[in-house]
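# Structural description and commentary
The lines below spell out each chain.
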Amino acid sequence: MDRKKVAIVKYEKPYESVEKVVSLCKGLDHLPHNARVFIKPNIVFWTKVTAFPKWGVITTSRVIEDVVIILKEMGVQDITIGEGTITYDPKDRETPAHAFETLGYGTLKKRYGVRVVNVFERFFEKVDFGDGVVLRVNADVLQSDFVVNVPVLKTHAQTVVSLGIKNLKGFLDIDSRRRCHGTDPAKNLHYMISRLPLKLPPTLTLIDGIYSNERGPSFDGRIRRTDILIASSDILSADMVGAKVLGYEPREVPHLVYAAKECNRPLDLSDVEILGERIDEIGLHYEYSFPYTDDDSLPSSLAMMGIKGLYYRKYDLTMCSYCSRINALILPAIARAWKGEPWDEVEVLTGKSMRPSKGKNKTILLGKCMYQANKDHPDIKELIAVKGCPPKLNDIVEAFHKAGIDIDPSLFDDIDKYPGTFMKRYEGKPEFDESFFRVV
């Protein structure tokens, strides 16, 4: 049996550790001559107005530069670094540009001659991934000869883990990303992303676990310094090993199950050769799902405060990235608005699939998709709609005020500053080093 090679290396030194993990898995042995290489980091979030936790959220610039150096030493001249970062305003081009510059990609451009692209400013091509799945993919990556995919080691609130396969979603245009969060139970988010590797060029997956993230993918997760690098020329094998390192059997990760079935691969790692560190010696045990009450009607943190009269149902696979970001801001705003008096049986619905419950006095339909799905539902006594896609922040505030929940508008006025409040968790902890996100 030709076993797939996956290397696990402890991160110890700049360049040397990345070179070691890539060499150990023979990840660049089949790099074409004069290849056009596309490097895909994970920049899941950015704000230009405040410092926020990048550790375990964004691929370190240290690893990206090391990859560039290795490619240049192999004679590669045509290198592109690209990402499609979701912003609160889909038309925002300044924030991604600020991210690239702050992370040192401008310096990489001057020093090594790489190109840096925001995929939302580039062309997309329709790609048929089979079984009726047609998505629009960034043309630059499709025209490349080789991809170096550099995700972060993290669990994910919807997909259990977010590693190499999940990171490919950043190549899609906005409409295609929304389509991945559709309502078809057979072609759900897990199934859609499992197909993304099928039509891409040959790929080296290098999972950056210098920092890892529990209950990711963003800054509100629990972040740790773990100093782990995982690499393979086979993306599914890299992700199965990455899942094991995070504490999950591959069979517990739905999109890995779909991907393995498509490739006729076993899920027990019997066709994988693991080189370097042993999983049982470095393995983590990370949760992925944010805790809710037993009936999924309220986040556990709100229930523990004694909140009554509110039913804020648990997110599902149909909630896309835009609404997920906003959802993460609404919940702490609700917590601050609680004064100890029960609210008037208010239900909040998100995503695309939720349906109203009987007996609720007020129903907030959050987002265009939810409004379209339930605007005529007979179980709604009083409908309070937030119709935008993504929802406008002032409309959200107004909706909750109509429901009798006086969330503070100023929290939404300073939405770009909110991520900075999480920096307090890491003050005085030298292992959380900002220099990993600079190029000097």
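## Here we look at the overall build of the protein
Within the protein, the regular secondary structure consists of 16 helices and 16 strands. For the protein, whose C-alpha radius of gyration is 22 Å, the value lies close to the compact-globule estimate of 22 Å for 440 residues. Its C-alpha atoms give the protein principal-axis dimensions of about 65 × 45 × 45 Å. For the protein, long-range pairs separated by at least 24 residues make up 70% of all intrachain contacts whose partners lie at least 6 apart in sequence. Working note: accessible area of the protein is about 18,400 Å², and carbon and sulfur atoms make up 47% of it.

## Observations concerning helix α1 (residues 16–24)
When α1 is considered as a whole, its buried residues turn out to be Ser 17, Val 18, Val 21 and Val 22. Across the axial projection of α1, the buried residues extend over an arc of 130 degrees, all falling on one side. The elements touched by buried residues of α1 are β1 (4–10), α2 (61–73), β10 (203–216) and β11 (222–232). Once α1 finishes, Lys 26 follows within two positions and takes phi at roughly 55 degrees, a positive value.

## As for the packing of aromatic side chains
Taken as a whole, this structure holds 20 aromatic pairs when the rule is applied. Consider the rings of Phe 45 and Tyr 88, whose centres lie 6.4 Å apart with planes at 75 degrees: the pair is edge-to-face. Taken together, the positions of Phe 45 in the loop between β2 (36–40) and α2 and Tyr 88 in the loop between β3 (78–83) and α3 (94–102) put the pair 43 residues apart, joining distant regions of the chain. With a centroid separation of 6.3 Å and an interplanar angle of 75 degrees, the aromatic rings of Phe 219 and Tyr 418 are classed as edge-to-face. Here the residue Phe 219 occupies a position in the loop between β10 and β11, and Tyr 418 occupies one in the segment after α16 (409–413), the gap between them amounting to 199 residues. Its relative accessible area of 5% is what places Phe 219 among the buried residues. For Tyr 418, a relative accessible area of 16% translates into the label buried.

## What about the nonpolar core?
With 91 residues, the main nonpolar core has Ile 39, Leu 71, Ile 334 and Phe 400 as its most contacted residues. With residues near it in sequence (within four places) discarded, Leu 71 still touches Leu 28, Leu 31, Val 37, Ile 39, Val 76, Ile 79 and Val 148.

## Description of the pairing of β2
Here β2 lies mainly inside the structure; four of its five residues are buried. Relative to β3, β2 runs parallel, the two being bridged by four bridges. In the strand pairing of β3, Phe 38 is matched with Thr 80. Across four bridges, the pairing between β2 and strand β7 (residues 146–149) is parallel. Bridging from a neighbouring strand, Ile 39 pairs with Val 148 of β7.

## Quick look at the side chain of Asp 140
With respect to the helices and strands, the residue Asp 140 is situated in helix α5 (residues 139–142). A distance of 3.0 Å separates polar atoms of two side chains, one belonging to Asp 140 and the other to Asn 138. Beyond its immediate stretch of four places on either side in the chain, Asp 140 contacts Phe 38, Arg 115 and Arg 122.

## Focus on the packing of helix α13 (residues 321–337) against helix α15 (residues 393–402)
Relative orientation of the contacting elements α13 and α15 amounts to 35 degrees, with a least axis distance of 12 Å. The chirality of how α13 crosses α15 is right-handed. Within the contact between the two elements, α13 uses Ile 326, Ile 330 and Ile 334 and α15 uses Leu 393, Ile 396 and Phe 400. Looking at side-chain class alone, the contact of α13 with α15 contains six nonpolar, no polar and no charged residues.

## Structural notes on the sheet that holds strand β13 (residues 310–312)
Reading across from one edge, β13-β14-β15-β16 is the order of the four strands in this open sheet, with parallel pairing throughout. In this open sheet, the two edge strands, each paired with only one partner strand, are β13 and β16 (383–386). On average, each strand axis in the sheet is tilted by 15 degrees relative to the strand beside it, whichever way the strands run. The pairing of β13 with strand β14 (residues 346–349) spans three bridges and is classified as parallel. The residue of β14 that forms the bridge with Tyr 311 is Glu 347. Against the sheet, α13 engages β13 and β15 (362–366), with an angle of about 160 degrees to β13.

What counts, and where the lines are drawn
Residues numbered from 1 in each chain as written. Predicted model: local features only at pLDDT ≥ 70, side-chain atom pairs only at ≥ 80, totals over all residues. Heavy atoms only, no water. Helix = DSSP H or I, 4+ residues; strand = E, 2+ residues; numbered from the N terminus. Rg over C-alpha atoms; globule rule 2.2 N^0.38 Å. Contact = heavy atoms within 4.5 Å. Areas by Shrake-Rupley, 256 points an atom, 1.4 Å probe, with all protein chains shown as cover. Buried < 20%, exposed > 50% of the residue type's maximum accessible area, 1.4 Å probe, protein only. Arc of directions from axis to C-beta. Phe/Tyr/Trp six-rings, centres within 6.5 Å; stacked < 30°, edge-to-face > 60°. Core = buried A, V, L, I, M, F, W, Y, C linked by side-chain atoms within 4.5 Å. Pairing = 2+ DSSP bridges. Polar contact = N/O pair within 3.5 Å; in protein donor to acceptor, adjacent residues only side chain to side chain. Axes fitted to C-alpha atoms, helices over the stretch in contact; angles between N-to-C directions. Left-handed = near helix turned anticlockwise from the far one by under 90°. Nonpolar A, V, L, I, M, F, W, Y, C, P; charged D, E, K, R; others polar.

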